[in-house]
Amino acid sequence: MIDFGRNHFELFDLPARYVVDADALDRAYRALQQSVHPDRHAAGDDTARRLAMQASARVNEAYRTLGDPVERARYLLALQGTDPLAGSNTALDVDFLERQLDRRERASEAAAARDAAALERVIDETRAEAASAEARLGALLDTGGPLAQACGQVRELAFLDKVVRDLDHLLVEVEA
Amino acid sequence: MTLMQIAEPDEAPAARLRRRAVGIDLGTTNSLVATVRDDGIAYVIPDDEGRPLVPSIVHYGEGATLVGYDAAPRQSPDPQNTIVSVKRMMGRGLADLTDDRRFPYRFVDGPGMVRLATRAGTKSPVEVSADILRALRERAERRLGGPIDAAVVTVPAYFDDAQRQATKDAAKLAGLPVLRLLNEPTAAAVAYGLDHGIEGTYAVFDLGGGTFDISILKLTRGVFEVLATNGDSALGGDDFDHRVFCWILEAARVPPPSPEDARLLLLRSREAKEMLTGHDAAPIVATLSTGQRIDLSLTAANFSTITRTLVEKTLAPVRRALRDAGLRPDALQGVVLVGGATRMREIRRAVAEFFGQPPLTNLNPDEVVALGAANQANALAGNRERGEDWLLLDVIPLSLGLETMGGLAEKIVPRNSTIPVTRAQEFTTWRDGQTAMAVHVVQGERERVADCRSLARFELRGIPPMAAGAARIRVTFQVDADGLLSVSAREQTTGVEASVTVKPSYGLGDDEIARMLQESFDHAADDMAARSLAESRVEAEAVVNATESALAVDGDLLSADERGAIDDAVAAARHACGREDTAAVRLAVESLNRATAAFAARRMDRGVARALAGRTVDSLA
Ligand SMILES: Nc1ncnc2c1ncn2[C@@H]1O[C@H](COP(=O)(O)OP(=O)(O)OP(=O)(O)O)[C@@H](O)[C@H]1O
Ligand SMILES: [Mg+2]
């Protein structure tokens, strides 16, 4: 089975860095599930099956965390004792906020005009901003950049995630 | 469950004891049982006459209970004792069956799941399903020469916890050792993947008699990973039949028919629908108990028209699934069609158009789910050879959460989470000295608990009195590989514990889940529209106020004409704020800004002059 004491990076035998090798992560995930998944222990006794479920759930949780740009950053920072999204630590850059407000505005105009293509452009644009935020964050976290700056970047990334989710809902609506 | 001996991998194959393992597709219209031969090939077990399907029909007769082809002829003469499409009632209460027009049955009201009054007594959908499963079990046992050791039963991917529980209960009732509930599209993907050795990202589009599923899967070196799933567990071929049925009533001016006549016309409707796959027109001929003779012809074009909205209804879940998987329609290697209703030309056309490629139909769409389930059963039973180490990673279709303060649902496990999954969240007490906490488990995508499905309620008692906010109550959700949920709660400082395996209250149907999901999307759109309207109004008011105070101070800088133009623009902006139209508000603000541009420049000059004057005064002082 697996050692529950290990952190997510150790579990997949990956270096504890923000920029992860997605292929290596996928491969390690599949290899682990191949051995711990309940389907591999369906013929075992109750205890074996319960352990398999716990281990498989743990592997799923680790994979989800490391596969998500925001969760991965939070996890990495938590290993260092920081939570960028905690409590008072919530300031966002004014220009950044204005850009998102403008985006939401354009999105709802596109939605009102039932213009799915325009809405999709706004979503793509937001995703692109998230991708460059992720790249900046990688540079900050993996080269020991200022912690405060990294935390700010995580908050922006989390915010962009939320915008994309909201706009996705809106797009489904427009296309319906 | 019967425990099995583990076959040691190192044992010689000859010494290995093969388990009798079957996969069962318990369908709305047709059910099948399949198994894997010694040479590793899966096949559907036919009846003595060589027929692979068992129509999912149960007739409760005078002495005997008939299932399948034997029950089919009883549908129209005895509709109230001949149960069809029982799958649509699994895990649902009477209140959920809003589409009562489809059920000529006598329902018995009561708590929990709906029940049917039949000649053989009151039957729950679980019992009726168990009768079908029993017939399949007996067929398999005759073929395999002994009791079944391991069964995998398939369920629509979009089935909720209540429907899954009900299915598992039915299998147990039928005496089947169920090793796993398997999602139907995933089973189909297994059959395709193992048969064709395909790799890459695929969509499985499964439209059966009563349910619709769409799953997006990634196949990599023997791992079938479901990326997202969506669907509508009350949409299928039955609904197309019903459209034809309504068309007949109208075209032939039939007064509201008796249950017998309704069943007869529904059968004729289905025959016509199936005939239109491959023909341009279908005759509909019937004589009703009233003596009325029906003699109509339904054209393919007409059929397309009356069912267009049903075809469109399949595409919304497809879009959602793709979006959840983060993919575009053209990013897929292939689209697999499953389910008898995907034979309809309308569906094939819509799918080909949406994904920009012709769908795959190499395997028999009726059998592919059962074949995949048989492969999975064979694997779980320990029968497979070394090297055949493929694995399924599936997801839950709907988010699971808890009621929190203010009637809001807090999502603990989001939809499309890979199972098994364990997720915990901490809550606290909100009153001083609070010794109990109610835990209300809900399923659905909406924000408000009232809009989600209630799955279970339990109470954590015996929390020692503490100040509000001091207790730390950890609620843990665990979803197993069947997609079934259990929840436990534990007070962390004292270790007081409570838990339930969610046996749902069967309070909510699929229509409602689909509606809930739809509403949550609508709702998100409403929310955002409302927010941007509010934002633009605030901005408009700010600009109007600024303009008015500027006019009060520096109005003398304007000619009468200029003043009039600005006053008009102010009035227009005020008027726009009174309407529910974000774009109009923004336009009005823009024209006000334009109207005041020159005025603003002059005020700037005067301001600079005043400031300079002021500085002079200051510097003199
Ligand atoms: N040639 C055809 N043209 C159109 N529809 C067809 C054809 N053949 C079968 N169907 C329809 O397919 C449906 C049955 O499909 P299938 O057997 O795959 O469903 P099922 O597995 O019983 O249902 P579900 O998966 O929803 O529980 C029926 O509505 C039937 O009328
Ligand atoms: Mg089916």
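Residues numbered from 1 in each chain as written. Chains lettered and ligands numbered in written order. Predicted model: local features only at pLDDT ≥ 70, side-chain atom pairs only at ≥ 80, totals over all residues. Heavy atoms only, no water.

### Quick notes on the overall build of chain A
Item 1. The number of helices and strands found in chain A is seven helices and zero strands.
Item 2. Along chain A, from the amino end to the carboxyl end, the secondary structure elements read α-α-α-α-α-α-α.
Item 3. Its C-alpha atoms give chain A principal-axis dimensions of about 60 × 45 × 30 Å.
Item 4. A total of 176 residues make up chain A; the buried ones form 49% of that total.
Item 5. Sequence separation of 24 or more characterises 69% of the internal contacts of chain A that already satisfy a separation of 6 or more.
Item 6. Carbon and sulfur atoms form 52% of the exposed surface of chain A, whose accessible area is close to 8,100 Å².
Item 7. Where the 22 positive side-chain charges of chain A centre and where its 32 negative ones centre are 3 Å apart. (Helix = DSSP H or I, 4+ residues; strand = E, 2+ residues; numbered from the N terminus. Buried < 20%, exposed > 50% of the residue type's maximum accessible area, 1.4 Å probe, protein only. Contact = heavy atoms within 4.5 Å. Areas by Shrake-Rupley, 256 points an atom, 1.4 Å probe, with all protein chains shown as cover. Lys, Arg positive; Asp, Glu negative; His and termini not counted. Charge placed at Lys NZ, Arg CZ, Asp CG, Glu CD.)

### Things to note about the interface of chain B and chain A
Item 1. Tallying the contact residues gives 44 residues for chain B and 39 residues for chain A.
Item 2. Taking both sides of the interface into account, the surface hidden between chain B and chain A amounts to around 3,700 Å²; carbon and sulfur atoms contribute 53%.
Item 3. Notably, a salt bridge pairs Asp124 of chain A with Arg328 of chain B, separated by 2.8 Å at the nearest N-O pair.
Item 4. At the boundary of chain B and chain A, one finds seven residue pairs in polar contact (both at pLDDT 80 or more). (Buried area = accessible area lost by both parts, 1.4 Å probe. Salt bridge = Lys/Arg side-chain N within 4 Å of Asp/Glu carboxyl O. Polar contact = N/O pair within 3.5 Å; in protein donor to acceptor, adjacent residues only side chain to side chain.)

### As for the site of ligand 1
Residues and elements named next belong to chain B.
Item 1. Lining the immediate environment of ligand 1, one finds 20 residues, of which Thr28, Thr29, Lys87, Lys273 and Glu274 sit closest.
Item 2. Measuring from an oxygen atom of ligand 1, one finds a backbone N or O atom of Thr29 at 2.6 Å.
Item 3. Gly210 is positioned such that a nitrogen or oxygen atom in its backbone is 2.9 Å from an oxygen atom of ligand 1.
Item 4. For ligand 1, whose accessible area on its own is 650 Å², the fraction buried by protein is 91%.
Item 5. Of the pockets mapped on this structure, ligand 1 occupies the second largest pocket.
Item 6. Considering every element that reaches the shell around ligand 1, the biggest residue donor is helix α5 (residues 259-275), with three residues.
Item 7. Classifying every residue of the shell around ligand 1 by side-chain character gives two nonpolar, 12 polar and six charged. (Near = heavy atom within 4 Å. 1 Å grid on protein atoms, 1.4 Å probe; cavity = no way out; pocket = protein on both sides within 12 Å on 5 of 7 lines; lining within 4 Å. Sits in = over half its atoms within 2 Å of the grid points. Nonpolar A, V, L, I, M, F, W, Y, C, P; charged D, E, K, R; others polar.)

### Comments concerning the domain arrangement of chain A
Item 1. The domain architecture assigned to chain A consists of domain 1 (8-67) and domain 2 (94-175).
Item 2. One C-alpha centre belongs to domain 1 of chain A, the other to domain 2 of chain A, and the line joining them spans 30 Å. (Domains from an automatic or database assignment.)

### Some details on the confidence of the model for chain B
Residue and element names in this part refer to chain B.
Item 1. Here chain B averages 85 in pLDDT, while 87% of its residues score no lower than 70.
Item 2. By mean pLDDT, the top-scoring element of chain B is strand β4 (residues 54-55) (98), and the lowest-scoring one is helix α12 (residues 597-620) (56).
Item 3. A low-confidence stretch, residues 503-523 (pLDDT under 50), is modelled with 69 contacts involving residues beyond four sequence positions or located in other chains.
Item 4. When the criterion is pLDDT under 50, residues 611-621 qualifies, and its contacts beyond four places in sequence or with other chains add up to zero contacts. (pLDDT = per-residue confidence, 0-100.)

### Side note on the pairing of strand β1 (residues 21-26) of chain B
Residues and elements named next belong to chain B.
Item 1. With respect to burial, β1 is a largely interior element, six of its six residues being buried.
Item 2. On β1, burial covers both faces: Ala21, Gly23 and Asp25 on one face and Val22, Ile24 and Leu26 on the other are all buried.
Item 3. Bridging between β1 and strand β11 (residues 150-155) involves five bridges; their strand directions are parallel. By the bridge assignment for β11, Gly23 is matched with Val152.
Item 4. For β1 and strand β2 (residues 30-36), the ladder comprises five bridges, and the chain directions are antiparallel. Note on β2: the bridge partner recorded for Asp25 is Leu32. (Pairing = 2+ DSSP bridges.)

### Some thoughts on the sheet that holds strand β7 (residues 82-84) of chain B
Strands pair in a sheet through their backbones, by hydrogen bonds, and they do so in one of two ways: parallel or antiparallel.
Residue and element names in this part refer to chain B.
Item 1. Sheet architecture is open: three strands sit in the order β6-β5-β7, paired in antiparallel fashion. The open sheet is flanked by β6 (65-67) and β7, the only strands paired with a single partner. Across the sheet, the mean angle from the axis of one strand to that of its neighbour is 15°, orientation sign disregarded.
Item 2. Helix-sheet contacts for helix α1 (residues 125-144) involve β5 (57-60), β6 and β7, and the interaxial angle to β5 is about 105°. (Axes fitted to C-alpha atoms, helices over the stretch in contact; angles between N-to-C directions.)

### So, the packing of helix α4 (residues 237-251) of chain B against α5 of chain B
All names here are of chain B.
Item 1. α5 packs onto α4 with a crossing angle of 110° between their chain directions and a minimal axis gap of 8 Å. Put simply, α4 runs roughly perpendicular to α5. The handedness of the crossing between α4 and α5 comes out as right-handed. Across the interface between the two elements, Gly237, Asp238, Phe240, Asp241, His242, Val244, Phe245, Ile248 and Leu249 from α4 touch Ala262, Leu265, Leu266, Ser269, Arg270 and Lys273 from α5.
Item 2. When the residues that make up the contact of α4 with α5 are grouped by side-chain class, the tally is eight nonpolar, three polar and four charged. (Parallel < 35°, antiparallel > 145°, perpendicular 65-115°, else oblique. Left-handed = near helix turned anticlockwise from the far one by under 90°.)

### Let's talk about the pattern of salt bridges
Item 1. All told, the structure shown has 44 salt bridges over all chains when counted by the stated rule.
Item 2. Of the charged contacts, one joins Arg343 of chain B and Asp366 of chain B as a salt bridge, the two residues approaching to 3.0 Å between their closest N and O atoms. Of the two residues, Arg343 of chain B is situated in the loop between β18 (334-338) and α7 (345-355) and Asp366 of chain B in the loop between α7 and α8 (368-380); the sequence distance between them amounts to 23 residues.
Item 3. Assessed through its relative accessible area of 34%, Arg343 of chain B is described here as partly exposed.
Item 4. Sharing partners across several salt bridges, the network here consists of Arg99, Asp102, Arg103, Arg106, Glu125 and Glu129 of chain A.

### Things to note about the nonpolar core
Item 1. Ranked by internal contacts, the top residues of the largest apolar core, which has 48 residues, are Phe205, Leu207, Ile294 and Phe355 of chain B.
Item 2. When residues in this core are grouped by element, the largest group, nine residues, is from helix α6 (residues 300-325) of chain B. (Core = buried A, V, L, I, M, F, W, Y, C linked by side-chain atoms within 4.5 Å.)

### What to know about the packing of α1 of chain B against helix α2 (residues 161-173) of chain B
Residues and elements named next belong to chain B.
Item 1. Interaxial distance between α1 and α2 falls to 8 Å at its minimum, and their mutual angle equals 50°. With respect to each other, α1 and α2 are oriented oblique. As for how α1 packs across α2, the hand of that crossing is right-handed. Between α1, through Val126, Glu127, Ser129, Ala130, Leu133 and Arg134, and α2, the contact on the second element is made entirely by Ala166, Asp169, Ala170, Ala171 and Leu173.
Item 2. Across the contact of α1 with α2, the residue classes break down as seven nonpolar, one polar and three charged.

### Topic: the packing of aromatic side chains
Item 1. Here the structure, examined in full by the defined rule, presents eight aromatic pairs over all chains.
Item 2. Between Tyr105 of chain B and Phe107 of chain B the ring centres are 6.2 Å apart and the planes differ by 85°, which places this aromatic pair in the edge-to-face class.
Item 3. Residue classification places Phe107 of chain B among the partly exposed residues on the basis of a relative accessible area of 24%.
Item 4. Here the basic side chain of Arg72 of chain A rests over the ring of Tyr18 of chain A, its NZ or CZ set 4.3 Å away from the ring centre.
Item 5. Here the guanidinium or amino end of Arg431 of chain B rests over the ring plane of Trp430 of chain B, the centre of that ring lying 5.5 Å away. (Phe/Tyr/Trp six-rings, centres within 6.5 Å; stacked < 30°, edge-to-face > 60°. Lys NZ or Arg CZ within 6 Å of the ring centre and 35° of its normal.)

### Considerations on the pairing of strand β20 (residues 400-404) of chain B
Residues and elements named next belong to chain B.
Item 1. Relative to strand β21 (residues 408-413), β20 runs antiparallel, the two being bridged by five bridges. Note on β21: the bridge partner recorded for Gly401 is Lys411.
Item 2. Linkage of β20 to β21, two consecutive antiparallel strands, is achieved through a turn of three residues, within which Gly406 is found at a positive phi near 80°.
Item 3. One ladder, built from three bridges, connects β20 with strand β23 (residues 437-443); its direction is antiparallel. Among the inter-strand pairings, Gly401 is bridged to a residue of β23, identified as Val442.

### A word on empty space enclosed by the protein
Residues and elements named next belong to chain B.
Item 1. The final tally for this structure, using the stated rule, is six cavities of 30 Å³ or more.
Item 2. Looking at the largest cavity, its volume works out to about 120 Å³.
Item 3. Around the largest cavity sit 13 residues that line it, and Arg180, Leu181, Asp394, Ile419 and Ala481 are the ones nearest its centre.
Item 4. For the lining of the largest cavity, the leading source of residues is strand β12 (residues 178-183), giving four residues.
Item 5. Here the lining of the largest cavity is built from residues that sort into five nonpolar, three polar and five charged.
Item 6. Looking at the second largest cavity, its volume works out to about 80 Å³. (Points joined across faces, edges and corners; volume = space filled by probe spheres on them.)

### Focus on the sheet that holds strand β8 (residues 107-108) of chain B
Residue and element names in this part refer to chain B.
Item 1. The antiparallel open sheet is built from three strands, whose spatial order is β8-β9-β10. Edge strands, defined here as strands with exactly one partner in the open sheet, are β8 and β10 (121-123).
Item 2. With three bridges connecting them, strand β9 (residues 115-118) and β10 associate as antiparallel partners. What sits directly across from Thr118, in β10, is Gly121.

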